[in-house]
Every structure is written in C-alpha cells, then in structure tokens.
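Observations on chain architecture
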Amino acid sequence: MGTSQGHRPVVAIVDAFSTASHLAPLFHARGYDCVHVQSLAQPPAAFGASFSPDDFLANVVHGSDPAETLAALAPYAPVALLAGAEIGVELADVLSEALGLRTNGTELSSARRDKFRMVETVKAAGVPAADQILATDLDTLLDWYGETERTVVLKPVRSALNDGVSFCGTAEEVRAAFTALVGAESAVGLRNDAVVAQEYLVGAEYYVNTVSLDGEHYVCDVWKTQHLGVNGVRDLLGGSALMVRRGPEQDLLTEYAFSVLDALGVRNGPAHTELKLTPQGPRLVETGARVCGAMLPLLTRAAIGESQLEWTVLAYTDPAAFEARRHTDYEVARHAVCVNMIAPEAGKLVDYPKMADLRALESFHDVLLKVRPGEEISRTVNDLTYPMLVHLLHEVEGVVTHDYMTARYLDGEGFYDVV
C-alpha cells in the first residue's frame, strides 16, 4: 500500500474499479491521499484487474456492519467519500451520510440501484418514463404483457454490465426469458428473485455524463450510441460517438437528465445516465450514481481536454472552482468514437489477423484489448464479452465516421483467428 506524505487530507473511494481506478491519481495530483473501501469481500472478477492498491493508504474491506467500516475509516478522517463502481453506490451513501460529508443520502439510495424503483421514483416526480412491471411470478408478467404481440425488455432488478437483458417479441419469449432469469445469479453475484419488464423504447440511445455539487449539475459529455442486431441480440452496442454540447437533441436530453437526477436525489458526485430519444421525447433507460464505465472518460479527456474524472475530483476538492466553471460548456477539440468490436464465435483466440489494418486508420488513437491472443474468447452478447474497444480521434468528424464504418466492416468473421 502507498504511504501518507505528512498531513495531506484524505478522500475515501468505495470500489475504485474500472474507470474509477483513475480517480485516485487525480486526487493525489491535487494534494489529497486516498483510502479504499471494498464493499464486497470478493469483488466480481471483471473488476479485479483494474484495481491499483498502490494508489491507496489502506484497503478497508466492508463486512456487514457499517459501524465497523466507519471505525476503520476514522483514523484517516476523510474529507470526502464517494462511490467508484456501481456496486459501491449504496455503501457510499451510508458512509458519507454517517460521516456528515457531501452525500446523496440514504433516503433514495435503493432507487439509484434498483432498476424498477428507479423508474417508478422518476415517474412519481412527474418525469415521463417507461411503462413497466416488477414480476416475481410468470402469470403476473404474462398478464401485463397482454394478448397483442409487442416488444418488451426483461432485466434483473439489480443488473450491471447489461447482464441478463432480454428483448422479447412474443409471450413465448417472455416466458423463456423469465424462466432463465429467476433464480440465476447476476453479473455482480446477486440472486435474481424478480424481473423488471419494460416497454421497449423506440429511438437512439444516448449517454449524459454529469457531475453534481450540492444539487447543481454540470454536463461533462454527451454521447450518441449505435446499436445493431447481431449474434442473436436485438440491440447490441456497436459504438458511441461524442456529441458537441449544444443542439436540439442535446438540449432535450440534458434537461431531462437533470430532472432524473433531481428525482433520484443525485445531489453530489458523478452520474452516468442512459436515455432514449423516443418520438414522445426523452425516456430514461437507467442512471448510475458513479463515473461512466468502459474507460470512456479517457477518450473524452483526449477529445476535449478533461472528463467526468477531472470534474469529479474538482467538485470534491475545490467546490468554489467547480461553481465558477460549471456555466462553461465543454468544447470538442477532436471528434471521438468508441467502436465496440463484436466477436462472432467462442473458442481460443489465436490472433487478430487484421489488427494492422485497424491501427492504420487515420483516426486510430488507442485500443483497449480485453482478450489477448492465447486467451479464451466469447461470442459477444453483452458488455462483458467485447473482445476490444477501439478509440478513434480526429479534428475532422468525417474522418472519424469513415474509420468507424471501416472498423465495423473489418469486424466479424475474418477479424478473429479462433480455434
């Protein structure tokens, strides 16, 4: 573990995994030390590799009693405490509230994690949202689905990483998805006792990444995503493109996102809100009260000079500077796209034969390899099974679009040498 340099103030981060692993170095740069709180004795394997223990003075493993965890944190007298990954959101609420620090509080904590309660809470605040039902038994679910065939989405109540999400177009598919979900373990190791079924929202999907301070929200970045029907999945994420801050879509989406954050009690810290722009207007997919995942803020930083990571650190270390700057829109210096490569089959990966073609693209910036040659590769069906994410970056939007299309064309059968 790292060592303290004299009497630097301390920030506690709960579950500094995935993108949140980049927060501690930014706090260090502003003169703060960090303590890590681990919400689970055994974090999901997907998160393990991203954790950097050397960035922290100590790692406090939370048992079942918040009082013990608070006692373990007491010697460090943290001046701020925030959630890193999705699994740490509720514990961060409990601890920050108990410590009297900036917090989102515990009152609406479950509505920020429970996908069903989230949408109901938003609707109760007068914000339009999807028609849905929480079903523990099949009859209730089929009753809600009705006689007329329509598309609905089924997902676990506490899903993460798009785990267990099914698109169903018939009563038979609804029945099969329910049977597969109930009693199974979710990606974050929780047993699914119920499913959320929602009307399928027609429209493109967007991300609005924000940081809040005492109830005032700043938009760090807005993304438009592209989905495709592939590998038996109706809407698999194929990539996302950074949007400029202002425009008819952005204005609608950000205003709606702010009302969602207000309804869910997100007053402090980062949030990643996924929305669809339907013919009836914006509708919530879901919000996470933590930084955006999949390392997307690193691409944002390369495109506009800073990201949700820097804004999060600014809010907690220099509230006055945050307040002074939050009225300034971000400027896109370079256009950015994150391409999600989609593996068509499972097996042992021998090589990526066309990797050189990908790297030769004019806007190629970086690639986040999740599966390396010699490792097992899965057929891509959700956020856990992308073999790589390709970051494209260029001053000219057309160049990025050209390379995005080219990457999409290169992907597929010939891109993977699998045995």
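Looking at an unreviewed UniProt entry, one finds the protein chain named Biotin carboxylase, with Streptomyces caeruleatus as its source organism.

**Observations regarding a negative patch on the surface**
Among the surface-exposed residues, D137, D139, D143 and E147 lie close enough to one another that they form a single negatively charged patch. In this fold, D137 is placed in the loop between β5 (132-135) and α6 (138-145). For D137, a relative accessible area of 33% puts it in the partly exposed group.

**Points about the packing of α6 against helix α7 (residues 171-181)**
Viewed as axis vectors pointing N to C, α6 and α7 meet at an angle of 150°, and their least axial separation amounts to 10 Å. On the basis of their axis angle, the class for α6 and α7 is roughly antiparallel. The interaxial crossing formed by α6 with α7 has right-handed handedness. Facing α6, whose interface residues are L138, L141, L142 and Y145, α7 presents A171, V174, R175 and F178.

**As for the pairing of strand β6 (residues 152-156)**
Each regular strand carries side chains that alternate between the two faces of the sheet. Most of β6 sits inside the fold, with 5 of its 5 residues counted as buried. Burial along β6 is two-sided: the residues V152, L154 and P156 and V153 and K155 are all buried. Examined bridge by bridge, β6 and strand β7 (residues 166-168) share 3 bridges and lie antiparallel to one another. Residue L154 lies in a different strand from β7, and its bridge partner there is S166. Of the pairings in the sheet, the one linking β6 to strand β8 (residues 195-199) comprises 5 bridges and is antiparallel in character. Across the sheet, residue K155 finds its bridge partner in β8, namely V196.

**Regarding the sheet that holds strand β17 (residues 376-377)**
Strand pairing in a sheet is mediated by backbone hydrogen bonds. Such pairs are either parallel or antiparallel. Across the sheet, which stays open at both edges, the 3 strands sit in the order β17-β15-β19 with antiparallel pairing between neighbours. Bordering the open sheet on either side are β17 and β19 (417-418), each of which pairs with just one other strand. By the bridge criterion, 2 bridges tie strand β15 (residues 347-351) to β17 in an arrangement that is antiparallel. The residue bridging G347 from the neighbouring strand is I377, located in β17.

**Considerations on the domain arrangement of the protein chain**
Segmentation of the protein chain into domains returns domain 1 (10-103), domain 2 (131-199) and domain 3 (204-418). Between the C-alpha centres of domain 1 and domain 3 the distance comes to 24 Å. At the junction of the two partners, domain 1 supplies 21 residues and domain 3 supplies 25 residues. Per-residue buried area on domain 1 facing domain 3 is highest for T19, R30 and R102; these three make up 34% of the total on that side. For the pair domain 1 and domain 3, the number of links is 3 salt bridges. A salt bridge links R30 to D318, with the shortest nitrogen-to-oxygen separation between them at 3.7 Å. The tally of links from domain 1 across to domain 3 stands at 7 residue pairs in polar contact (both at pLDDT 80 or more).

**So, the pattern of salt bridges**
Throughout the structure, instances matching the rule amount to 21 salt bridges. A salt bridge links R102 to D214; its shortest N-O distance comes to 2.9 Å. With R102 in the loop between α4 (89-98) and α5 (115-124) and D214 in the loop between β9 (204-213) and β10 (216-230), this pair connects stretches of sequence that are 112 residues apart. Exposure remark for R102: the relative accessible area of 31% places this residue in the partly exposed category. The exposure class of D214 is partly exposed, given its relative accessible area of 38%. Between R326 and E323 there is a salt bridge, with its nearest N and O atoms 2.8 Å apart. Members of the salt-bridge network, linked through shared partners, are E86, R113, K115, K155, E286 and R290.

**Structural notes on the environment of P9**
One can find P9 in the segment before β1 (10-14). Counting along the chain gives 70 residues from P9 to V79, while the straight-line C-alpha distance between them is 6.6 Å. Leaving out residues up to four positions away in the same chain, P9 has contacts with G31, Y32, D33 and V79.

**Here we look at the side chain of N209**
By secondary structure assignment, the location of N209 is in strand β9. Among the polar contacts made by the side chain of N209, one reaches the side chain of D221 at a distance of 2.9 Å. At 2.7 Å, the side chain of N209 and the side chain of H272 are in polar contact.

**Quick look at the sheet that holds β1**
Spatial strand order, β3-β2-β1-β4: 4 strands in an open sheet with parallel pairing. Every interior strand has two partners, whereas the edge strands, β3 (59-61) and β4 (80-83), have only one. Taking each pair of neighbouring strands and ignoring which way they run, the sheet shows an average axis angle of 25°.

**Section: helix α13 (residues 397-410)**
Residues three or four positions apart in an α-helix share a direction because the helix packs 3.6 residues into each turn. Across its 14 residues, α13 extends 20 Å between first and last C-alpha, which sits within 8% of the 20 Å expected from 1.5 Å per residue. Among all positions in α13, only V399, V400, D403, Y404, A407 and L410 are buried. Along α13, the residues classed as buried sweep out an arc of 135° about the axis, all on the same side. Among the exposed residues of α13, those oriented more than 90 degrees off its buried face are H402, M405 and Y409. Here the buried face of α13 lies against β10, β11 (233-243), β14 (335-340), α12 (355-359) and β18 (388-394). Immediately beyond the C-terminal end of α13, within one or two residues, lies G412, with a positive phi of roughly 115°.

Procedures and definitions
- Residues numbered from 1 in each chain as written.
- Predicted model: local features only at pLDDT ≥ 70, side-chain atom pairs only at ≥ 80, totals over all residues.
- Heavy atoms only, no water.
- Patch = residues over 30% accessible without salt bridge, like charges linked within 9 Å, V, L, I, M, F, W, Y side chains within 5 Å.
- Areas by Shrake-Rupley, 256 points an atom, 1.4 Å probe, with all protein chains shown as cover.
- Salt bridge = Lys/Arg side-chain N within 4 Å of Asp/Glu carboxyl O.
- Lys, Arg positive; Asp, Glu negative; His and termini not counted.
- Charge placed at Lys NZ, Arg CZ, Asp CG, Glu CD.
- Helix = DSSP H or I, 4+ residues; strand = E, 2+ residues; numbered from the N terminus.
- Buried < 20%, exposed > 50% of the residue type's maximum accessible area, 1.4 Å probe, protein only.
- Axes fitted to C-alpha atoms, helices over the stretch in contact; angles between N-to-C directions.
- Parallel < 35°, antiparallel > 145°, perpendicular 65-115°, else oblique.
- Left-handed = near helix turned anticlockwise from the far one by under 90°.
- Contact = heavy atoms within 4.5 Å.
- Pairing = 2+ DSSP bridges.
- Domains from an automatic or database assignment.
- Buried area = accessible area lost by both parts, 1.4 Å probe.
- Polar contact = N/O pair within 3.5 Å; in protein donor to acceptor, adjacent residues only side chain to side chain.
- Expected span 1.5 Å × (residues − 1).
- Arc of directions from axis to C-beta.

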